Every structure is written in structure tokens, then in C-alpha cells.
Amino acid sequence: MPGYIIKTPRLGLRNWQPSDLEPFAEMNSDEAVMEYFPKTLSKEESLDLYNRLKEHFEKHGYTYFAAETISDKKFIGFIGLAYQTYEAHFTPCVDIGWRLRREAWGKGYATEGAKACLDFGFNKIKLEEIYSVTPLPNLKSVNVMKKIGMKKVGEFGHPNIEEGHPLKVCNLFRISKQ
Ligand SMILES: CC(C)(COP(=O)(O)OP(=O)(O)OC[C@H]1O[C@@H](n2cnc3c(N)ncnc32)[C@H](O)[C@@H]1OP(=O)(O)O)[C@@H](O)C(=O)NCCC(=O)NCCS
């Protein structure tokens, strides 16, 4: 098991490694993947995010993990947990998030990895609650949140998105340990 922090029947979730950079940057430059983000990312922005996700792992012992399919060791995107400090009524908190390369959609990978991350968050990191956030139009992401047992607890204007932007208002989902 090559450094997997979390293993599911089909997926290994691990810290980031240099070979992830190219497929990660390609994913972040895909307009379909980034439909519900303000913009696609340049190679430099992907490198910066890669470094931040690695540092997050080193600091906290979890991150939005690099995800690979165990059968062929292919990088498919990220699924994981992150400590969030942006200004909102529910922060600081730990959230769960996911972003997959397009060819990995529609296979149940996000849900499979996310369920294992909730288990890791509650039983290994001993979190009491985990949040998830997505702009209102991102129904694919909401679908994952519902399937892993999260409940909608409200909507809020994301402070990192400008007023009036179509992605400003986000769904807030939560799940607690009980
Ligand atoms: C959000 C995102 C990760 C969801 O990925 P996904 O592949 O649609 O999610 P899932 O893992 O739940 O799989 C979905 C479908 O796979 C199908 N599937 C196929 N084989 C399956 C299997 N073996 N087990 C389970 N489901 C399977 C299911 O039918 C499921 O669809 P349904 O829930 O409508 O029945 C993906 O769309 C993405 O990366 N989007 C861009 C980034 C993004 O928006 N991230 C979120 C920001 S908040």
C-alpha cells in the first residue's frame, strides 16, 4: 500500500507527490471541472495549490488527499478534509471536499472516497462535526453530500466571491459524529 492514509475498495487516498502535478494541473485547467469555480487555474496556480495541500497535510495530518485508483495507480483528483478559516458564521471548521478529473466522474468514486474521509475525520481525528460547501447550482456536489448522509443547514454568501457573482451564494451542509 503506497503510503495510503485511507483505503477504500477501489481508491487510495494519500499525501501529494510530484507525479500528481501534471494530471492535477490538467484537471484544474478543464472548464467542465471548474464550472462552479470563478475560473480555471494556470499551471502556476495549480503548483501553488499543490504546495498548500501538501503543507496542510504536514501541519494537520489530513488534507484534500490526492486520490488514485488502486488497480492502476492513476491519479484521479482529490477527496479529503481541510481546515477552513475564511470569515463565516460556521468557521473555523473542518470541511470535506472533492474534485475529480472528468474521466473519473459517474463511477461512484467521490462518494466512496468521501464516506471513508468522514469515518477518518470522526474516528481518527476525533472531529465532532464536518461541513461541506458548494455554490447553489453545483448539483453534482450536492448529490454527493446527500449520499454521504450530510444535511443542508443553510445558505451563505461566500466571502471569497464578489457580490452579485452567480457563485456567491453557497449551500452549507453539515454532519455530526452522532
Ligand atoms: C462533484 C464531483 C466530484 C461528483 O462526482 P461524481 O462522479 O458525479 O460523484 P459520485 O461518486 O457520487 O458518482 C456519481 C454516479 O456514479 C454512478 N456509479 C457508477 N458506478 C458506481 C459504483 N460502482 N458505485 C456507486 N456509484 C456508481 C452512480 O450512479 C452515481 O450517480 P447517482 O448518484 O446519480 O446515482 C464531480 O462532478 C467533480 O469533480 N466536479 C467538479 C469539481 C467540483 O465541482 N467539486 C465540488 C466543489 S464544491
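Everything below is about the structure shown above.
Definitions and cut-offs
Residues numbered from 1 in each chain as written. Predicted model: local features only at pLDDT ≥ 70, side-chain atom pairs only at ≥ 80, totals over all residues. Heavy atoms only, no water. Salt bridge = Lys/Arg side-chain N within 4 Å of Asp/Glu carboxyl O. Buried < 20%, exposed > 50% of the residue type's maximum accessible area, 1.4 Å probe, protein only. Helix = DSSP H or I, 4+ residues; strand = E, 2+ residues; numbered from the N terminus. Pairing = 2+ DSSP bridges. Phe/Tyr/Trp six-rings, centres within 6.5 Å; stacked < 30°, edge-to-face > 60°. Lys NZ or Arg CZ within 6 Å of the ring centre and 35° of its normal. Near = heavy atom within 4 Å. Polar contact = N/O pair within 3.5 Å; in protein donor to acceptor, adjacent residues only side chain to side chain. Areas by Shrake-Rupley, 256 points an atom, 1.4 Å probe, with all protein chains shown as cover.

Q: Mind laying out the pattern of salt bridges, listing which residues take part and the relevant values?
A: The tally for this structure, following the rule as stated, stands at ten salt bridges. Note that Glu 45 is salt-bridged to Lys 39, the shortest N-O span being 2.8 Å. Take Glu 45: its relative accessible area is 31%, and that puts it in the partly exposed class. By relative accessible area, Lys 39 is classed as partly exposed at 43%. Arg 52 serves as the salt-bridge partner of Asp 48, at 3.3 Å between the closest nitrogen and oxygen. On the criterion of helical spacing, the pair formed by Asp 48 and Arg 52 is a turn pair, its members being four residues apart in helix H2 (residues 43–60).

Q: Please set out the pairing of strand E3 (residues 64–69) residue by residue, giving values where relevant.
A: E3 sits mainly inside the fold: six of its six residues count as buried. Strand direction decides the pairing type here: strand E2 (residues 11–14) and E3, joined by four bridges, are antiparallel. Bridge assignment links Leu 11 to a residue of E3, and that residue is Thr 69. In this sheet, strand E4 (residues 74–84) lies alongside E3 in antiparallel orientation, the contact comprising six bridges. If you follow Ala 67 over to E4, its bridge partner there is Gly 77. Linking two consecutive strands that pair antiparallel, namely E3 and E4, is a turn of four residues; a positive phi of about 60 degrees is found at Lys 73 within it.

Q: A description of the packing of aromatic side chains should follow, citing residues and the corresponding values.
A: Going through the model one piece at a time under the given rule, you end up with twelve aromatic pairs. Their ring planes at 55 degrees and their centres at 5.7 Å tell us that Trp 16 and Phe 75 sit as a pair that is tilted. Linking Trp 16 in the loop between E2 and helix H1 (21–28) with Phe 75 in strand E4, this pair joins segments that are 59 residues apart in sequence. The class of Trp 16 is buried, set by a relative accessible area of 3%. Relative to Phe 78, the ring of Tyr 64 lies with its centre 5.1 Å away and its plane at 0 degrees, an arrangement referred to as stacked. Taken as a pair, Tyr 64 in strand E3 and Phe 78 in strand E4 lie far apart in primary sequence, 14 residues in all. Its relative accessible area of 14% is what places Tyr 64 among the buried residues. What makes Phe 78 buried here is its relative accessible area of 4%. Taken together, Trp 16, Phe 24, Tyr 50, Tyr 64, Phe 75 and Phe 78 form an aromatic cluster joined through their ring pairs. Positioned above the aromatic ring of Phe 37 is the side chain of Arg 99, whose terminal nitrogen or guanidinium carbon lies 4.5 Å from the ring centre.

Q: I'd love a proper account of the site of the ligand, names of residues and values included.
A: Not every one of the 21 residues close to the ligand is listed here, only the nearest: Trp 98, Leu 100, Gly 106, Thr 111 and Lys 147. Trp 98 has a polar backbone atom sitting 2.8 Å from a nitrogen atom of the ligand. When the free accessible area of the ligand is taken as 960 Å², the share hidden by the protein chains comes to 68%. Of all the elements in the fold, those that place two or more residues in the shell around the ligand are strand E5 (93–100), helix H3 (109–123), strand E6 (129–135) and helix H4 (139–147). Sort the elements by how many residues they give to the shell around the ligand and H4 lands first, with five residues.

Q: Which residues make up the environment of Leu 49, and what values go with them?
A: Looking at where Leu 49 falls in the secondary structure, it is placed in helix H2. With 25 residues separating them along the chain, Leu 49 and Phe 24 place their C-alpha atoms 9.7 Å apart.

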